[in-house]
Structure formats: structure tokens, C-alpha cells
Amino acid sequence: MLKMADGLWWVPTILKSIADAVIVGGVDGCVTFMNPAAETLTGRTLEWAEGKCISEVFPLFDEETGRDVEPPQPIAAWELQSVDLPKRLLLRTKLGTLIPIEQTTSPIEENGIILGTVVVFRDVSEQRRHEESLRRRNERLQILSDATGKLLSNDHPEAMVTRLFETVSRHLGLDAYFHFMVNPEADGLQLDSCTGISEAEAQGIKSLHFGEAVCGTVALLKKPIVATDIQNSTDEKVQVAKSFGLRAYACNPLMAGDRLIGTLSFATRNRDRFSDDELEFLEAVCHSVALAKERQRLMNEERERADRHERSAQALIQSEYELRYALEVGRLGSWHVDFPSKEVRCSARCKADFGRGADDPFTYNDFLDCLHADDRKTVIERIEQAFATGVDYEAEYRVYWPDGSLHWISARGRPIDHPNEPTLGLVGLTLDITDRKRNEALLEQQKHILELVVLDSSLSEVLDALCRMIEKQFEAEEMHASILLLDPDGVHLGYGVAPTLPKAYSEAIVGLAIGPTVGSCGTAAFLKKPVYVSDIANDPLWTDFAELALAHGLRACWSHPILSSNDTVLGTVAMYYRHPRQPRANDLQLIDIVTRMATIAIERKQFENELHQRNAQLIDADRRKNEFLAMLAHELRNPLSSIGNAAQLLREDQSGEHRDWANEVLDRQVKHLARLIDDLLDVSRLTHGKIELQRQTIDASIVLDQAVEAVRPTIEQRGQKLTISASREPLPVHADPLRLEQIITNLLTNAAKYTPEGGRIAVAAARLDETIVLSVKDNGVGISPERIPQMFELFTQGDRTLARSEGGLGIGLTIVKTLVEMHGGTVTAASNGPGQGSTFRVTLPAASPEIQSARTPGATKTMTATGTDRNRQGRRLLVVDDNEDTVRSMARLLRLKGHEVATATTGVEAVERVGDFRPEIVLLDIGLPGMDGYQVAQKLRAEKGHEDLLIIAISGYGQDEDRRRTASAGFDHHLVKPIDHDALLTLIGRSCERNPTR
């Protein structure tokens, strides 16, 4: 046992009196001494411990791993640097309790000889509890700080309440929250959001009266309420929470000053009460939510008072700034000025507001030097006033950064003083409000520019205002803006506006051709992408233009293409600087705004021009429509007049001398009316795209011959000379033969109409390379040069005088042009002027020359038959039409031809007469009352005994869709009113050949 030296007799006495526990061991590691503190901590007495191993009396454990830890032995204690005990140790007492301790072990030596070991240790349980409490408090403060920042930086804090609960619940082990807002109309609370209960349960507490349940009572009293051990409580106010299975419930009022705005409650199902620090934390959370709710209300009120532009750019920034300043959170720089030394201390953020780095020096004189000259006097006066009077300091001013850029700063400060003593200093905050000020100015300028656009200012005025707007934003940097407009050729940039750019430079770049390496503007227009050149002298894009730019002091140029809504280039916006410069984020935003506004202005002006042009076209079209209607009335009256005269002559001609002539007039004028109607229907179908070509490979020269034969009677009647020049070789085209014949017929008819009697008409057809060219030339009235471009437009004629002996509706050439283009060809008109004749040329793609095998049999065959051939036998015919005159006249005509005829005027009557009369042929109108012609045909085809019945549609409907419907209904043929009697007799004659026995 280690004995104390005689000179150290007082040591045990001291060790017994100190608060720390001490155990002394001999060189053999056995206990020789324990002070009372050690006996208390270990639970063992010195009498018991003396002579026992230290590790038995002082058993240690690693708090993190739970493993045993051997106390240092005397030798190890001497060599202290080799001892590596865990930082967090636990001491197991006699009763098995684990106590956290701190310990130190030191050797006892004399004259270099190790005599033993002394272990000093203390109970750190209270310290650990304090540290844990401090950790949890710091953790909660961090949660609260983060939550407050998010709540105050979010426009919709109601969404953040849910996220906040998720964070708080993880920290405190919560199961539910209930957020109510005051409903003034209902004089109570309205559930805003909640979690931890079912939807059905939430519906049950959708609204609460003041004084109802816990939340209603909190709202009534405006004081927090904490409910504990709810499941064992009989308090009526907690029964709702009890029904939800909650055990502890804390509800706080949400206050904005003295005004209640709602309540916020937190609850748990896993314990019966909250600790005091938890309640304090939850109260702080509720306070943050209340601040966020009040902030939202203030922002909403501000938005309602401001106009739309102010709300988007100013109100949000201002309200956030004011609230952040009031709470001293956000992006604020802090500063302190001593008085009278005027020594400045400021944070890194404050230095950044003045364009300085965190480690850069920044003195009071530096501050004064960077102030804008127009603001310096006011700022100094307000600072001195604050020092002298103790009033708060507040100012907004402009400062120059070291790079020359101009920024706006908002500063607020408060004097630091003591009672009855002069002001000692000024402490405050700074905030960079450049963006806010820029947006305010930008919105005002945008408003002015939009007014210019709406007030129909010229394009140059609007673009000039745009350039000046962007120059105003960079007034401190001597920036020059320009807008170039793309020429109609789509290749060159023409002058737009450049208010402050050197005139000589602007003139030198007019007509610049766009390309991949043509400075900033030419390249931007070519690539349809922004181009930023920060140093013109060293950029390859400016190789050919650097000397010109540098001669005018221009060192940097950024350019944005102005793109239309359909992504075509309209021009460019450029920003020139007199020193090398890289764009910053706000620069890019500003130039993008200017570019989009330029697009609006240019497209609006283009739209206005197109609108004026379209209006003029509509006026012209309306004029031509009115002229056409007058002309149509004239064209209809002419044949009707001739028909009327011939009919009257037939009534009064008792001798029959003029009967043949009158019949010819009637036949000719009826066919003329039919042609007018056919032309109108054709142009309608063509303009609506309802004509389908039946194309085949044919010889154009054969179709040309057919067209010539169709028009030859008119030409011979007028005594005109017709010459035809066609290649002997086949002229193959892939075309619809009927429509191609219509094209040539219309051109020949036009030539005959506008060529005087005895005039000359020449028709030619030839192959030219890979095309077939058909031309019609005459020596008639000719066309004035200014009317040639309009000749193929609808309702256009060369003659608009009242003396229109040749007639026509002015739609023939429109039909020609449309049909030719449908065949993939072109048609042109040429004339040397009035009285010089005209030439119309049709060009079609040539087809494969092997047309003999591809030609449809009979495609060029003409049909000829006489009345005697067609009607050598009388047939039994039924004529059906709801017009009495049509039925009777058709019946008489057919009886004159030797046929037996019966009539009907309705669909039902027609079906009955077919059964009674047993006709071989039925001439059936489509538009019948009751049962129409389609239904009659379908019924007859469905009945037995009518398999050989020939059904011919006689209708005023003659479009392709009408013909398809009659064919599908069971008709054999389709004739259009007024019918071609020769065609009808031909069909009757064919029926005789098909079934001669009937």
C-alpha cells in the first residue's frame, strides 16, 4: 500500500475535502486510497476497495461501443502519450448504474521512480443533460430559422405549413396538426389544412364556433391551451381530440399584433404531455406562421392597390424588402460607423453591395467617393443629422462600383447612444435595390413604348424609343444601342435606328450581308442565335470589321436576332460598349426584353400593312363581285329574252314558217344557259377543291383535235380563219382527258369571242424538253399590259362596257388556270396591248412516250348517232318529276319519237306505276316530295322483276358527289337539267341494242 511521505501528511485531508473523486493505486495497480467523493460515485467504501485492483473498483465502459475499458496502469500513466482512452466513458457503480464521467490518470513518482497512480474523475451527468438540452435547443432554433425563412420567402405559406409540420413532427414525434383561419362571415374558425386524421374526420371539424373545442376556445381567449392525458380526460373541450386518438394537444393563437388571424395546433398519440421547451418551440413555430400569414395578407392588399405592372415588378420586391428589413433577415449587409472617428466596419455582404470583395478595405472616404454626385450631398446631410439628433437614418442612393457600373443602394441605420451622452456611432443595414429600380424604370419605359405602338406611331419612333430605353439602363457605361432590320431579300441588314451610335459607323454597316463570321449582328442574324463579343479587337468574328469599329471607339458588341413568331429573322438588336465587357445576367434579361418588344413592334407594323393591303384587296374583290352579279344578270337575261321571243313567235306563227328557226333559237339558248350553270358549278368545285382528276396517259394532240371540233362551229359561224400546228409525234401527258379538253375549249372559245369576224386564230402543240406546250394565238382585241396579271382571277374580263355582245361570266380563265395547276402545269397570257391580239400558253409535264399501250381504249373515239339509229324501235317509258310542265313536255317529246309514255309526279306514284305500266325505262327526278328519287330507285332494285329496268336520273344536281349517290342507289345513268335531248335519245337507243326483244 502506497504510503504518503511524512512531508505530505496533509494530502489525504485535502483529497477528502475536494468535490472530484480520487482513487490512488500502488505500483501493483491495487487501490490504496479513495476519497469520499469516489466512494459516493462508485458506491464502494475505501475499506472494501483497499487492496483490490483499480479496474475492479473503477470499472469503465466505452459509451459508444459498450466495451470494457482498462484504467491506465502506472507505467502507462507515466508514458501518458501512449494512453488512448475513449472520450466518452461510463462508470458502472456498485448498483450497476452507468454514470458518464470525465477522468484523468497521472503517475505518482519520486526521484524518477514510479510509486503508483492517481485517478481523478467526476460525474458529468448534469453537464451531459445540459449539453443535450442545448443541442436540442440549437436544433430547434435552426428548424425555426429555416422554417421562418421559407415561410417569409414563399407567396403561399399555407403550402409551407404542411412542409413545416413534416419537419417539426420528425423532430418532436408529432402525429397531427390542425390549422384554422378566422372566418369573419361565420364568426368562427374555418379549417385551412390538417393532417393525421381521415378525410371524413376532417369534414366534421370544417368549421368551429368561437369557444367550441380547444381551437375555438383558444381563438376566443387569444391564449395558448395545452391539453394533457386526453384519453383519460372528461373535459368537454378535448372530446373531439380524444375521438381522434390523440393524447397530448397544444394549440396557439395566430396573432397579427392584437388581431387574431387563426390558430395552429400540434398533437401526438405517443405520449400524454409536452415538455416546457417543446411547448416553447411550438409557440415560436406558430409565431412564425402568423408572421407569414400576415405577410401574405399585406402582400395581397398591396397587389390589389397596384396596377398589373406594378404588382409584377415592384409590389413583391418592395413588400419583401420591407418585411425582410423589419425582421432583419434576407440579403442585407450590416455596417457600423464610429463617431467621431468615422471608422467603418461592415460585413462581406455590405462590401459586395458596393462592388468590393470580402477582404478589400472599405473606408468612410471610400464610401463618399463612390456616391453618385447628385446623391452625395443628401446622404451626407442625413448621416450628420442622425449623429446630431439621434433620429434614424434612411436613404436610397446610387453608387459606382470599381468596374464603373452604377447600382442603387437602400440604407437604414439607427444611432447608438447612452442616456445623457452624445451619439457614439451608427449601425444599420444595406440592400442592393438595383434590380428593383431598374425594373421600375423599365416598366415605365415599356409602358411608354407600348403606348407608342398602340397609338400607331411610326416603326422608327418605336424602335428609337427602345434603343433609348436600353441606353438609359446603362447610362453610366456609355453604351450605344442600335436596331438593324433585315432587307426583303433576306440577305442584307438595312438601317433601322441608332440614336447615339457614331453616324459614320452606322452608315458604313448599312447593307451588311449576314453570314457566319460577319461581326456580331450579321452572325446573330445568320445563326438565329445571340452573339456576345466582349473584345472586338481580338475576336475572329470581327476580323473584317474590327478596324472600322475601333476607329469609332467601339470595343465590345452584343447582338440578339429579332425573330418573328414563326422563327424568321426580322433584324437584330445590338449593344456597343467603349471598353471590353462580358454580359451579366441582368444584361441578358434586359436585351431579351428589348428584343421581344422589337418583335412585337415590327410584327404589329407588318400586320397593319398586311391589313391595309388585305382591306384594299377585299374592297377590290367586293367591287368585282358586284360587277359580276350585274354581268350575271345581263348574261341570264339575254338567253331568257331570246327564249321568250322564240316562244312568242311559235304561239303567233299560224303558218309554221318560223317554227324551225324558233326551235333552233330555243335549243341554242337553253344550251347556253346550261353552259353558264356548268361554268359556275365548275368554278365553285375548283375553288373548294372538290374536283378529282381521272388521270391517264394520253396524246395531247388528239385531245386538241377534239377541242377544236367542239369549237369549230362557232369559229366558222364568225368567219374566222383557224390554223392548227401540231407535232406528228405523240405528245404524251398524264392528264384527265375531259378536263384537258375543257382547258383547250375554254381558251379557243375565248379567242373566238374576242377576235372580230374574219380574224385569225392559231392553235399549236409541241414538245419542249420535258414539257408539252399548247398555245392559242389570235389577232383580236388584245389585253392592256396592266390587266394581264388579273386575267386569271375570278370574275375578270377584258371588257366591262355595257355593249357586251359576246357575253360570258369572266370565270373561264380561272377554271383554266386552276385545272392546269392541278395537272402540275402553268398557263400564261401575253399581249402587245389593245388591238394587238393575245397568246395563251399552257405548259404541262410530259409523260412517258410509250402512250399507245397506256391509252385507254376509246379515249379519243367520238360518238355519232342519228335519231333514226337511236330510236328504230318504240320503248315503254315512265317519266317521273314533280314539275307538271316538265312531265308533260317530256312525255309529248318522247311520244313524238314513237315511244309509249306514262307519267308520275311523286315517288309513291312512281312505284305504283312501275307495277301497273311495266316500263322498260324510267326517267326519274331526284327531288321528289315524300319518297325521293334515291329511295324510289333503291325500292325498285330491291323488288323482283325489275332486273332489266333501265333507270336514268334526271336532276338539277350534277356534282360528282350527286353522281356517286345515284350510282350507289341503283341508277344506270345521270343526266343534268336542262338535259341534252340527243344524249337522252342515245341512251334510249342503246337500251334497244342491249335488249331488242323488249
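For the structure, see preceding data.
Calculation notes
Residues numbered from 1 in each chain as written. Predicted model: local features only at pLDDT ≥ 70, side-chain atom pairs only at ≥ 80, totals over all residues. Heavy atoms only, no water. Helix = DSSP H or I, 4+ residues; strand = E, 2+ residues; numbered from the N terminus. Buried < 20%, exposed > 50% of the residue type's maximum accessible area, 1.4 Å probe, protein only. Lys, Arg positive; Asp, Glu negative; His and termini not counted. Salt bridge = Lys/Arg side-chain N within 4 Å of Asp/Glu carboxyl O. Contact = heavy atoms within 4.5 Å. Phe/Tyr/Trp six-rings, centres within 6.5 Å; stacked < 30°, edge-to-face > 60°. Axes fitted to C-alpha atoms, helices over the stretch in contact; angles between N-to-C directions. Parallel < 35°, antiparallel > 145°, perpendicular 65-115°, else oblique. Left-handed = near helix turned anticlockwise from the far one by under 90°. Pairing = 2+ DSSP bridges.

1. Some details on the overall build of the protein chain
- Each helix and strand counted, the protein chain has 31 helices and 36 strands in total.
- Expressed as a percentage of its 998 residues, the buried residues of the protein chain come to 44%.

2. So, the side chain of Arg 44
- Residue position: Arg 44 is located in the loop between helix H2 (36-42) and helix H3 (46-49).
- For the buried Arg 44, no salt bridge exists, and the shortest N-O distance to an oppositely charged side chain is 6.8 Å, to Glu 56.
- Discounting residues that sit within four places of it in the chain, Arg 44 has contacts with Met 34, Glu 39, Glu 56, Val 57, Pro 59, Arg 92, Thr 93 and Lys 94.

3. Quick notes on the packing of aromatic side chains
- By the definition in use, this model includes ten aromatic pairs.
- Aromatic side chains Trp 335 and Tyr 393 sit 6.0 Å apart centroid to centroid with 80° between the ring planes, which places their arrangement in the edge-to-face category. Note that Trp 335 is positioned in strand E14 (residues 333-338) and Tyr 393 in strand E16 (residues 393-400), a separation of 58 residues in sequence.
- For Trp 335, a relative accessible area of 11% translates into the label buried.

4. Quick word on the packing of helix H23 (residues 700-717) against helix H24 (residues 737-753)
- Closest axis-to-axis distance for the H23/H24 pair is 9 Å, and the angle between their directions is 40°. One way to sum up the angle between H23 and H24 is to call them oblique. Crossing of H23 over H24 shows right-handed handedness. Residues Ala 700, Val 703, Leu 704, Gln 706, Ala 707, Val 708, Ala 710, Val 711, Thr 714 and Ile 715 of H23 form the contact with H24, whose own contacting residues are Pro 737, Leu 740, Glu 741, Ile 744, Thr 745, Leu 748, Thr 749 and Ala 752.

5. Looking at the sheet that holds strand E32 (residues 876-880)
- In space, the five strands of this open sheet follow the order E33-E32-E34-E35-E36, with parallel pairing throughout. Each end of this open sheet is capped by a strand with a single partner; those strands are strand E33 (900-904) and strand E36 (973-976). Across the sheet, the mean angle separating the axes of adjacent strands is 20° when strand polarity is ignored.
- Lying on the sheet, helix H27 (residues 884-896) is in contact with E32, E33 and strand E34 (921-924); it crosses E33 at an angle near 170°.

6. Let's talk about the sheet that holds strand E13 (residues 259-268)
- Judged by pairing direction, the sheet is antiparallel, and its six strands sit side by side in the order E10-E9-E8-E13-E12-E11 without closing on themselves. The outermost strands of the open sheet, each flanked by one partner alone, are strand E10 (207-209) and strand E11 (225-227). Taking each pair of neighbouring strands and ignoring which way they run, the sheet shows an average axis angle of 25°.

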